[in-house]
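Structure at a glance
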Amino acid sequence: MSREEREMRAGDYVLGLMDDAERQRAERDLIIDPEFRDSVWSFANRMEGLDRSAPATAPGDGLWQRVSAGIAGMEQMTRTEAMQGELAAAGIPVRPSDRHGHLGLRRPMARLFTGARGTALAASILAACGLGYVVGQASVTARDPEVVVVLLGENDVPGALVEAYADDRVRIVPLTDFDVPDGKVLEVWTLYDEAVGPVSLGTMASAREAMLTGPDLPAPQPQQLYEITLEDAPRSSAGRPLGPILVKGLAVSPPR
Amino acid sequence: MDARTDDCDGLMRRVAGGDRKAFAAIFDLEAGRLLAIANRIVRRRELAEEVVQDAFVTVWRKAAVYDHERGAARAWMTTIVRHRALNLIRDGSRLDFHAADDLTALGDRAADADTAYDALPESEDLKRCLGQLEPERRRSILMAYVVGFSHGEIAATLGAPVGTVKAWIRRGVVSLKECLS
């Protein structure tokens, strides 16, 4: 999506000119597309000046009591749950959250998800996420990733989305709640050359969206392997994966 | 971005962690402002309170989804309130807004949009940048944002086709953002 299209769309969202379907899609993109997010919140913050002339209105006595009663006993939604909700709504298999050994930590995966099934699933997830570069009219900008990777766990359940950039940055968007016990970290790896072996791109303390800057490596290529393992903190002492593989996948070029 | 925006970001991160005191603090800080915004759209006090009540419940439930961006917390709350208020007035089964079809009634509401623009201090970038837009683009954007007009209502007020209004707004937003950046 071009910058101009993104801004027009952000404008329609902030001004309240979208129908329900468009708005739901925009709210999905707010979760997953950082450029759209920036565009929306920066415009909304700028328009805020117009709100100041609205005649001041003090809340009635009962309002706080009603809000308070409204949230009593209400569970808060995690970012991952929101993401899973979006994927599930798009018909993509997402395993419900399970606090105990969520991705089968005791059973490292034996096989790699390759072939048509993995690729088709990756494509459907990217489409569901409504990422700008999936759309046909996408244009290439400096901020577009070289490759995107859907990392899958057991039973092909999507576990994380990775965008890898030419300047060695890697954005990780967890799609599931990884259980990270005390003293452990999530470590992100890529295999760009069999002869070199897996190279660490960085670690994450918890399953939250993160932008890592890896070592200086050749530009990411399609079919390059990415994986996340569970390692002893602060990072794998051997400089290669020692712990169980939680998710892995092969890179694809984002459709342009 | 002012201190209050930063306050909201910090409080929202605590709300995301389940902190009810931080939630009460956000309510104290923002409820009056949000009520005023809702009221300008739904134009009935009890409905505006209902909008703000629903919005705060959503803020509690989804704080973790939106807590991570600098400057986003306050804009997010405003957006929730505006969208809830718009849903209310556009839900015909819920409200008797037939008066809105009346051009005089539309005119009254459109005047509120002009007032909001006039009230902006001359020193503010937003005033200057809105002022640089062609008048029909500026008025379309103001009517949508300030009083929550739909494309159709703006078209009726300005006597222009809906498609033209859509184009005015989209081009206007791009020019506005360019001027503001």
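All values reported here derive from a predicted model rather than from experimental measurement.

The number of helices and strands found in chain A is six helices and eight strands. The order of helices and strands in chain A, counted from the N terminus, is α-α-α-α-α-α-β-β-β-β-β-β-β-β. Within chain A, buried positions represent 37% of all 256 residues. A separation threshold of at least 6 residues defines the contact pool for chain A, and within that pool the share at least 24 residues apart is 68%.

What follows is about the pairing of strand S4 (residues 184–191) of chain A. Residues and elements named next belong to chain A. Taking burial as the measure, the eight residues of S4 include six buried ones, the bulk of the element. Summarising the sheet, S4 and strand S7 (residues 225–232) pair through eight bridges and their orientation is antiparallel. Along S7, the bridge assignment pairs Thr190 with Tyr226. Bridge analysis of S4 against strand S5 (residues 199–204) gives five bridges, and the strand direction is antiparallel. The residue bridging Leu186 from the neighbouring strand is Met204, located in S5.

Here the focus is the confidence of the model for chain B. Residue and element names in this part refer to chain B. Looking at chain B as a whole, the pLDDT averages 88, with 88% of positions reaching at least 70. At the level of individual helices and strands, chain B shows its lowest average pLDDT in helix H1 (residues 3–16), which scores 83, and its highest in helix H6 (residues 125–132), which scores 97. For this predicted complex, the interface confidence reaches an ipTM of 0.92, while the overall pTM sits at 0.71.

What follows concerns the pairing of strand S2 (residues 158–164) of chain A. Residues and elements named next belong to chain A. Counting buried residues in S2 gives seven out of seven residues, a clear majority hidden from the surface. Linkage of strand S1 (residues 147–152) to S2, two consecutive antiparallel strands, is achieved through a turn of five residues, within which Asn155 is found at a positive phi near 60°. Here S2 runs beside strand S3 (residues 169–174); their pairing, made up of five bridges, is antiparallel. Within the sheet, the bridge partner assigned to Val162 lies in S3 and is Ile172.

The rules behind the values
Residues numbered from 1 in each chain as written. Chains lettered and ligands numbered in written order. Predicted model: local features only at pLDDT ≥ 70, side-chain atom pairs only at ≥ 80, totals over all residues. Helix = DSSP H or I, 4+ residues; strand = E, 2+ residues; numbered from the N terminus. Buried ≥ 20, exposed ≤ 12 C-beta atoms within 10 Å, placed from the backbone. Contact = placed C-beta atoms within 7 Å. Pairing = 2+ DSSP bridges. pLDDT = per-residue confidence, 0-100.

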